[in-house]
2 protein chains.
Amino acid sequence: MFRLQHIVHRSQPVLHRMKSINSYLWQDARLKTQGPPVQSGLKRFSTAEAPVEAGDPSRMRERTLTMETLNPQVKAVEYAVRGPIVIKAGDLERRLQQGVKQPFTEVIKANIGDAHAMGQQPITFLRQVVALCCFPELLDSPAFPDDAKQRAKRILQDCGGQSLGSYSASQGVECIRQDIADYITRRDQGVLSDWNNIYLTTGASDGIMSILKLLVSGQGSSRTGVMIPIPQYPLYSAAISELGAVQINYYLDEANCWALDVEELQRAYLTAKQHCQPRVLCIINPGNPTGRMHLCQVQSKKCIEEVLHFAYEENLFVMADEVYQDNVYSSDCQFHSFKKVLCEMGPEYFNNVELASFHSTSKGYTGECGFRGGYMEVLNMDPQVKAQLVKLLSVRLCPPVSGQAAMNVIVNPPKVHEPSYAQFTKEKSSVLDALAHKARLTEQILNSVPGIKCNPVQGAMYAFPQIFIPPRAIQEAQSLSIAPDMLYCLKLLEETGICVVPGSGFGQREGTYHFRMTILPSPGKLEVLLEKMKEFHLRFLEEYSQQEQQITITNQDHHRQMSKQPD
Amino acid sequence: MFRLQHIVHRSQPVLHRMKSINSYLWQDARLKTQGPPVQSGLKRFSTAEAPVEAGDPSRMRERTLTMETLNPQVKAVEYAVRGPIVIKAGDLERRLQQGVKQPFTEVIKANIGDAHAMGQQPITFLRQVVALCCFPELLDSPAFPDDAKQRAKRILQDCGGQSLGSYSASQGVECIRQDIADYITRRDQGVLSDWNNIYLTTGASDGIMSILKLLVSGQGSSRTGVMIPIPQYPLYSAAISELGAVQINYYLDEANCWALDVEELQRAYLTAKQHCQPRVLCIINPGNPTGRMHLCQVQSKKCIEEVLHFAYEENLFVMADEVYQDNVYSSDCQFHSFKKVLCEMGPEYFNNVELASFHSTSKGYTGECGFRGGYMEVLNMDPQVKAQLVKLLSVRLCPPVSGQAAMNVIVNPPKVHEPSYAQFTKEKSSVLDALAHKARLTEQILNSVPGIKCNPVQGAMYAFPQIFIPPRAIQEAQSLSIAPDMLYCLKLLEETGICVVPGSGFGQREGTYHFRMTILPSPGKLEVLLEKMKEFHLRFLEEYSQQEQQITITNQDHHRQMSKQPD
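Rules and cut-offs
Residues numbered from 1 in each chain as written. Chains lettered and ligands numbered in written order. Predicted model: local features only at pLDDT ≥ 70, side-chain atom pairs only at ≥ 80, totals over all residues. Heavy atoms only, no water. Helix = DSSP H or I, 4+ residues; strand = E, 2+ residues; numbered from the N terminus. Buried < 20%, exposed > 50% of the residue type's maximum accessible area, 1.4 Å probe, protein only. Areas by Shrake-Rupley, 256 points an atom, 1.4 Å probe, with all protein chains shown as cover. Least-squares fit on C-alpha atoms with pLDDT ≥ 70 in both. Contact = heavy atoms within 4.5 Å. Pairing = 2+ DSSP bridges. Axes fitted to C-alpha atoms, helices over the stretch in contact; angles between N-to-C directions. Buried area = accessible area lost by both parts, 1.4 Å probe. Salt bridge = Lys/Arg side-chain N within 4 Å of Asp/Glu carboxyl O. Nonpolar A, V, L, I, M, F, W, Y, C, P; charged D, E, K, R; others polar. Core = buried A, V, L, I, M, F, W, Y, C linked by side-chain atoms within 4.5 Å. 1 Å grid on protein atoms, 1.4 Å probe; cavity = no way out; pocket = protein on both sides within 12 Å on 5 of 7 lines; lining within 4 Å. Points joined across faces, edges and corners; volume = space filled by probe spheres on them. Parallel < 35°, antiparallel > 145°, perpendicular 65-115°, else oblique. Phe/Tyr/Trp six-rings, centres within 6.5 Å; stacked < 30°, edge-to-face > 60°. Lys NZ or Arg CZ within 6 Å of the ring centre and 35° of its normal. pLDDT = per-residue confidence, 0-100. Disulfide = S-S within 2.5 Å. Expected span 1.5 Å × (residues − 1). Arc of directions from axis to C-beta. Left-handed = near helix turned anticlockwise from the far one by under 90°. Lys, Arg positive; Asp, Glu negative; His and termini not counted. Polar contact = N/O pair within 3.5 Å; in protein donor to acceptor, adjacent residues only side chain to side chain.

Engineer: Is there a simple way to explain the overall build of chain A in this structure?
Structural biologist: The helix and strand inventory of chain A stands at 21 helices and 14 strands. Evaluated residue by residue, chain A yields a buried proportion of 65% over its 567 residues. Carbon and sulfur atoms make up 51% of the accessible area of chain A, which totals about 20100 Å².

Here it is in structure tokens:
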């Protein structure tokens, strides 16, 4: 059943030439997913069918672009959310479709926050507005409500030639930027937002990358250091690698529900200052993958004020990843933006701390990942630098305009007197209520499993439970040159069809192991998934304990591993 | 009327701190376009209204991110197509709307290949398919033809949860990649395309950037050199700056209708080899901004074979920008892809030369820029590097899925027996015929102006005429620290409302001056535009000749400047 050993064996010669098992897995999985050429009207050509086989030296001479000459910063990039395990999941899915028998009937991809792929239905109003923008002849159709038509007309009015097909300004369509500023002002209870500070983006990732690109400079010990939480969303580490900056890890406090602690920030900062120039502080709130609401109660507000004071003191540019601002499940929690806290701290902070905040169409209650919509609000940026940012964005011309239209609906939803209000509200609540229910369900079931410990999922879309991995399994992983939680997740996938991402892809304290899973499957499917996970975990513990007859030692190790805290 | 002097005077202190007039113009224009806060239901906040003025030292301390600490590679980026002159055009447009009197009643933006903004109508079938994908309830509507529905269903079938809102695979939706491969095979008359080599992109720019990112490496004299045509589309120079590579200019032969010459390639290569490692050869065909069809007749095919042989010999990765493959106007010309030529050269070339070719939804007869759709086909890439490319693309998750759907229509249009065929064909021909007419019109009228010389516009969407600039105007430009053709284009804009881009933004032989204009305005408007241009040019010549009473010298200079050829 479990074929990892087989794979490694098969590719051993390749493995020797490569730096890490990770790149190996990337390649192997990629090659395997190519699959046979699909037959249709026209015969399709696949390299596999070429008369001379790829790799045959008689056919090919040395390439210009090889692993040796490849941009080393690209080589250094890792991105676990779509890493080898996900490619393997696609492969298993394809085999199932081809009728190859597996110990499961379905692959469940709980690796990525992709709500629609998990069956979530789109918000009708959003799709109506985008469809109207796309095909304006529908503006005459009685099948579409007036408020959707009014939104579409407003957007088209500001598009060149009144068409979604023209480039927008690099910063985005003007009226959409204005609506976003109005939304932020309402959200932050009157803290004014200036639409000149709003930039539409191609998803939040694109905005984060653009801001980081501005901030990266220097060589040697003056290289830009970027402080990121551990665990983090791996876009950050990937962007830092790609841009050649220095990653500075600050650890969230797992024992304290993944809290952010200013002393830990100071520790990380002071250590890093010896070999780089820390200039950026990234905070993800609500947390990905932790599900932590960093700004919830009175106590946490004080903590965030300390963090912003620290950023002020050390002259750090703050990047606030607030894409999960609508995903709040704890009944005693509410989303507060970093900008609002900064404002409440007084003008010395509000007028000085450089802050970029990011939002997206991909998360929240809409889950419109495919539209690649998003925006950023940038505060206190030097006007000359702002002009440079616009220049940089101009090279890519503009974010997709349909994504901008989708973003517009999120910040400008139907109002209480409008015809779509009732349906919109019903659909929105239905998604968010289901997510809240699934957040609790996930936490409960996972915590009922011996050897799994899961903090409350207060927000976002993920659980990041800690798992106990027996020493025997750790040894086996080491012998395969893969992370122990990678071994765990591979076995989970092979045995149950459940695809989750190893904690090592997000970062974790040494000697602790986790995985990230989404809470997005439908409640029925999620419950089955969690029960299968439970069975798998118990089987896994048993398998690796029995093998060495070390149950007593294992239990001690268990206690030591699971209670591992910041030193 | 002409306010450049005034602007420079006003910002003199800022100017002193800046390295080039170019960055100055970026900033100044940006600040001016912010405009007054727009009033709507909710009062909008503008930094201009803040109680303490921006820049007041009592309010602001030194920023973390300043022009001094900004990423120097970002600082080095230039992108003329959306540069200061375009920002100025937006400013003038806004003033017109506010009722400020100008010597013209309309700003015509001929700076960018943005067809819909110039009034081109979308292709109905394309918009129907995207609207159906976006709002699948329309699949039940009798208002939509069956072939559009069938396309939409096919796309949705391959989307997670059958929704345009789910992430696609990083390389794109599978059936769309297959359709693209089939399209290429048909286009190249049977040269097979493998869908495993197809990657959907966020417009062509994104693909070009991704491939360049892989290729950039090394320090000092081993830094990657990228050979680009001069004149070029400034995405290339911008990407090279952003990635810290070395730009290697090879000049197209203006006297020979912007032909590509292998001896010039060799010259550029050998010169560059002394200080960098040339590894990439970029070719734009049909040419932007030149309008040149590099592969047209028997003679030009021989030339391209020489170029590809050169790339083979010197081990260069070829990047073929073929986004204008549908924009061919010369009756004796047809588009031939570089891949096809490579195949015809025999297996030694076809199996070895590394080639990436780019296409887009933004150009052709669809002009769907706002959808940010595109693809690339990658040949002979090392499989391990290919896996690294997929990894790199994964970090950005996926290209916008609506743009992928738009791309699908271009490669899979209605077939002859399908219900939308007649309308589709009519709309397509209408756009392409009009473009062909406008290409001829532009060339004719421009060549009727003394001091303007325009090569035939064989393809793409632009004319790139050479203009004579009198020495007095050159002196004035020098005193303002701007390029002479920037002065020309600024005056053209201020006096006529016509926005074109100075040749200096694309590159040109020293001592020659050009501008790039699109041929996209409607025929009536284009004719008026060209006549206004003619009047302006004559006035410009007169103004700068009279001022110094140097008509004789000017005429001599004219001859010398306009006949400037490769040394």
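Engineer: Mind showing me how you'd approach the relation of the copies chain B and chain A here?
Structural biologist: For these two chain copies, the linking operation is a rotation about an axis paired with a shift along it. Between chain B and chain A, the superposition needs a rotation of 180° and an axial shift of 0.0 Å, giving an RMSD of 0.0 Å. Here the symmetry operator amounts to a two-fold rotation axis. The C-alpha atom lying nearest the rotation axis in chain B is that of Ala131 of chain B; the distance is 2.4 Å. Comparing interface residues between copies, 99% of those in chain B also sit at the interface in chain A, which points to an isologous, same-surface contact.

Engineer: Quick question: what am I supposed to make of the sheet that holds strand E2 (residues 198-201) of chain B here?
Structural biologist: Backbone-to-backbone hydrogen bonds pair the strands of a sheet. The strands run either parallel or antiparallel. Residues and elements named next belong to chain B. Spatial strand order, E2-E8-E7-E6-E5-E3-E4: 7 strands in an open sheet with mixed pairing. Of all the strands in the sheet, just E2 and strand E4 (246-251) have a single pairing partner and so form its edges. Strand-to-strand twist across the sheet, computed as the mean angle between neighbouring axes with direction ignored, equals 25°. Pairing geometry for strand E3 (residues 224-230) and strand E5 (residues 277-284), over 4 bridges, is parallel. Across the sheet, residue Gly225 finds its bridge partner in E5, namely Pro278.

Engineer: Help me understand the interface of chain B and chain A, please; the structure alone is not making it clear to me.
Structural biologist: If you look at the interface, chain B gives 123 residues, while chain A gives 122 residues. Summed over both sides, the interface between chain B and chain A buries roughly 11100 Å², with carbon and sulfur atoms accounting for 55% of that surface. Per-residue buried area on chain B facing chain A is highest for Arg61, Leu65 and Tyr167 of chain B; these three make up 7% of the total on that side. We note a salt bridge from Arg94 of chain B to Glu174 of chain A, for which the minimum N-O separation is 4.0 Å. Every element with two or more residues in the side of chain B that touches chain A is listed here: helix H3 (21-33), helix H4 (72-75), helix H6 (124-134), helix H8 (174-187), helix H9 (203-215), helix H10 (235-243), helix H15 (383-395) and helix H16 (401-411) of chain B. Each residue belonging to the side of chain B that touches chain A can be placed in one class, and the counts come to 54 nonpolar, 40 polar and 29 charged.

Engineer: I'm lost on the nonpolar core in this one. Help?
Structural biologist: It is characteristic of soluble globular proteins that their nonpolar side chains tend to be buried jointly. Among the nonpolar cores identified, the biggest contains 366 residues, and Ile211 and Met517 of chain A together with Ile211 and Met517 of chain B are the most heavily contacted of them. Among all residues touching Met517 of chain A, those that are not within four sequence positions of it are Ala110, Thr442, Leu446, Met461, Tyr462, Ala463, Val500, Leu526, Leu529, Leu530 and Met533 of chain A.

Engineer: Could you clarify how one ought to interpret empty space enclosed by the protein in this entry?
Structural biologist: The method is simple in principle: a probe with the dimensions of a water molecule rolls over the atoms, and the space it marks as empty is what remains. This model, assessed by the stated rule, comprises 12 cavities of 30 Å³ or more. Taken as a whole, the largest cavity encloses approximately 450 Å³ of empty space. Around the largest cavity, the lining comprises 28 residues; the ones closest to its centre are Thr202, Asp206 and Arg396 of chain A together with Thr202 and Arg396 of chain B. Only strand E2 (198-202), helix H9 (203-215) and helix H15 (383-395) of chain A together with E2 and H9 of chain B provide two or more residues apiece to the lining of the largest cavity. Looking at the lining of the largest cavity element by element, the count peaks at 5 residues for H9 of chain A. Considering only residue class, the lining of the largest cavity consists of 11 nonpolar, 9 polar and 8 charged.

Engineer: Just checking my understanding: could you explain the packing of helix H6 (residues 124-134) of chain A against H6 of chain B for this structure?
Structural biologist: Geometry of a packed helix pair, given as the angle between the helix axes and the separation of the axes. Direction vectors running N to C along H6 of chain A and H6 of chain B enclose 180°, while the axes themselves pass 9 Å from each other. It follows from the interaxial angle that H6 of chain A and H6 of chain B lie roughly antiparallel. Where H6 of chain A approaches H6 of chain B, its residues Arg127, Val130, Ala131, Cys133 and Cys134 of chain A are matched on the opposing element by Arg127, Val130, Ala131, Cys133 and Cys134 of chain B. Considered class by class, the residues forming the contact of H6 of chain A with H6 of chain B number 8 nonpolar, no polar and 2 charged.

Engineer: Where do I start with the packing of aromatic side chains in this structure?
Structural biologist: What characterises a pair of aromatic rings is the spacing of the ring centres plus the angle enclosed by the ring planes. Residues and elements named next belong to chain A. Counted according to the given criterion, the structure contains 28 aromatic pairs over all chains. Consider the rings of Phe464 and Phe506, whose centres lie 5.7 Å apart with planes at 75°: the pair is edge-to-face. Placement of the pair is Phe464 in the loop between strand E10 (462-463) and strand E11 (466-467) and Phe506 in the loop between strand E13 (501-502) and strand E14 (515-518), with a sequence separation of 42 residues. Taking relative accessible area as the criterion, Phe506 reaches 1% and is therefore assigned buried. Stacked on the ring of Tyr462, the Lys or Arg Arg516 has its end atom at 3.9 Å from the ring centre.

Engineer: Quick question: what am I supposed to make of the pairing of E14 of chain A here?
Structural biologist: Moving residue by residue along a regular strand, the side chains alternate between the two faces of the sheet. Residues and elements named next belong to chain A. Residue alternation in E14 divides its side chains into two sets, Phe515 and Met517 and Arg516 and Thr518, and both sets are buried. Here E13 pairs with E14 via 2 bridges, running antiparallel. Note on E14: the bridge partner recorded for Pro502 is Phe515.

Engineer: I tried to follow the pattern of salt bridges on my own but got confused; where do I start?
Structural biologist: Side chains that carry opposite charge are capable of pairing whenever their charged atoms lie near each other. Residue and element names in this part refer to chain A. All told, the structure shown has 38 salt bridges over all chains when counted by the stated rule. Taking the shortest distance from any N to any O, the salt bridge between Glu106 and Lys525 comes out at 2.7 Å. A residue pair is termed long-range when its members are at least 10 positions apart, and Glu106 in the loop between helix H5 (84-97) and strand E1 (108-109) and Lys525 in helix H20 (residues 523-546) qualify at 419 residues. According to the relative accessible area criterion, Glu106 is partly exposed, its value standing at 35%. For Lys525, a relative accessible area of 34% corresponds to the partly exposed category. Taking the shortest distance from any N to any O, the salt bridge between Lys302 and Glu306 comes out at 3.2 Å.

Engineer: Explanation requested: the environment of Ser217 of chain B in the structure shown.
Structural biologist: Note that Ser217 of chain B resides in the loop between H9 and E3. The exposure class of Ser217 of chain B is buried, given its relative accessible area of 16%. In this structure, the C-alpha to C-alpha distance between Ser217 of chain B and Gly244 of chain B, residues 27 residues apart in sequence, is 8.8 Å. Beyond its immediate stretch of four places on either side in the chain, Ser217 of chain B contacts Thr69, Leu70, Asn71 and Pro72 of chain A together with Ser222, Arg223, Thr224 and Arg279 of chain B.

Engineer: I keep staring at the confidence of the model for chain A and nothing clicks. Help me out?
Structural biologist: Interpreting fine coordinate detail is not advised for predicted regions of low pLDDT. All names here are of chain A. Across chain A, the average pLDDT comes to 86, with 85% of residues at or above 70. The model gives residues 1-57 a pLDDT under 50, and that stretch makes 111 contacts with residues more than four places away or in other chains. In this model, residues 550-555 is a region of pLDDT below 50 whose contacts with residues beyond four sequence positions or in other chains number 6 contacts. Predicted as a complex, the structure gets a pTM of 0.87 and an ipTM equal to 0.87.

Engineer: What am I meant to see in the state of the cysteines here?
Structural biologist: Here, disulfide denotes a covalent bond that connects the sulfur atoms of two cysteines. Residue and element names in this part refer to chain A. As enumerated under the stated definition, the model contains 0 disulfides over all chains in all. Here Cys133 is not disulfide-linked; the sulfur of Cys159 is the nearest cysteine sulfur, at 6.9 Å. Residue Cys489 stays outside any disulfide, its sulfur separated by 8.4 Å from that of Cys499, the closest cysteine. A relative accessible area of 0% places Cys489 in the buried class.

Engineer: Hey, could you run me through the environment of Glu313 of chain A in this one?
Structural biologist: Inspection of the secondary structure puts Glu313 of chain A in helix H12 (residues 298-313). C-alpha separation for the pair Glu313 of chain A and Arg372 of chain A, spaced 59 residues apart in sequence, amounts to 35 Å.

Engineer: Quick question: what am I supposed to make of H6 of chain B here?
Structural biologist: Side chains of residues three or four places apart in an α-helix project in the same direction, reflecting 3.6 residues per turn. Buried residues dominate H6 of chain B, accounting for 11 of its 11 residues. Three or more residues of H6 of chain B are buried, namely Thr124, Phe125, Leu126, Arg127, Gln128, Val129, Val130, Ala131, Leu132, Cys133 and Cys134 of chain B. Where H6 of chain B is buried, its residues meet H6 of chain A together with helix H7 (146-157), H16 and helix H17 (421-447) of chain B.

Engineer: Looking at this structure, how should I read the pairing of E5 of chain B?
Structural biologist: Residues and elements named next belong to chain B. Of all 8 residues making up E5, 7 are buried, and the element is well covered by its neighbours. Direction of pairing for E5 relative to strand E6 (residues 317-321): parallel, over a ladder of 5 bridges. Among the inter-strand pairings, Ile284 is bridged to a residue of E6, identified as Asp321.

Engineer: What is the right way to read helix H11 (residues 262-273) of chain B from this model?
Structural biologist: Residue and element names in this part refer to chain B. Taking 1.5 Å of rise per residue, 12 residues should cover 16 Å, and H11 covers 16 Å from first to last C-alpha, within 8% of that figure. Within the span of H11, buried status applies to Val262, Glu264, Leu265, Ala268, Tyr269 and Ala272. All buried residues of H11 project into a common sector of 155° when viewed along the axis, lining one side. In H11, the exposed positions angled more than 90 degrees off the buried face are occupied by Glu263 and Leu270.

Engineer: For this particular structure, what's the right way to read the packing of H6 of chain A against helix H7 (residues 146-157) of chain A?
Structural biologist: Residue and element names in this part refer to chain A. Put simply, H6 and H7 touch, their axes get as near as 8 Å, and they point 45° apart. Between H6 and H7, the angle falls in the class oblique. As for how H6 packs across H7, the hand of that crossing is right-handed. Where H6 abuts H7, its residues Phe125, Gln128, Val129, Leu132 and Cys133 lie against Asp147, Ala148, Lys149, Arg151, Ala152, Ile155 and Leu156. Along the lines of polarity and charge, the residues of the contact of H6 with H7 split into 8 nonpolar, 1 polar and 3 charged.

Engineer: Even after reading the chapter, I still don't get the side chain of Asp206 of chain A, so can you show me in this structure?
Structural biologist: Within the secondary structure layout, Asp206 of chain A lies in helix H9. For the buried Asp206 of chain A, which has no salt bridge, the nearest side chain bearing the opposite charge is Arg396 of chain B, at an N-O separation of 4.9 Å. Among the polar contacts made by the side chain of Asp206 of chain A, one reaches the main-chain amide nitrogen of Thr202 of chain A at a distance of 2.9 Å.

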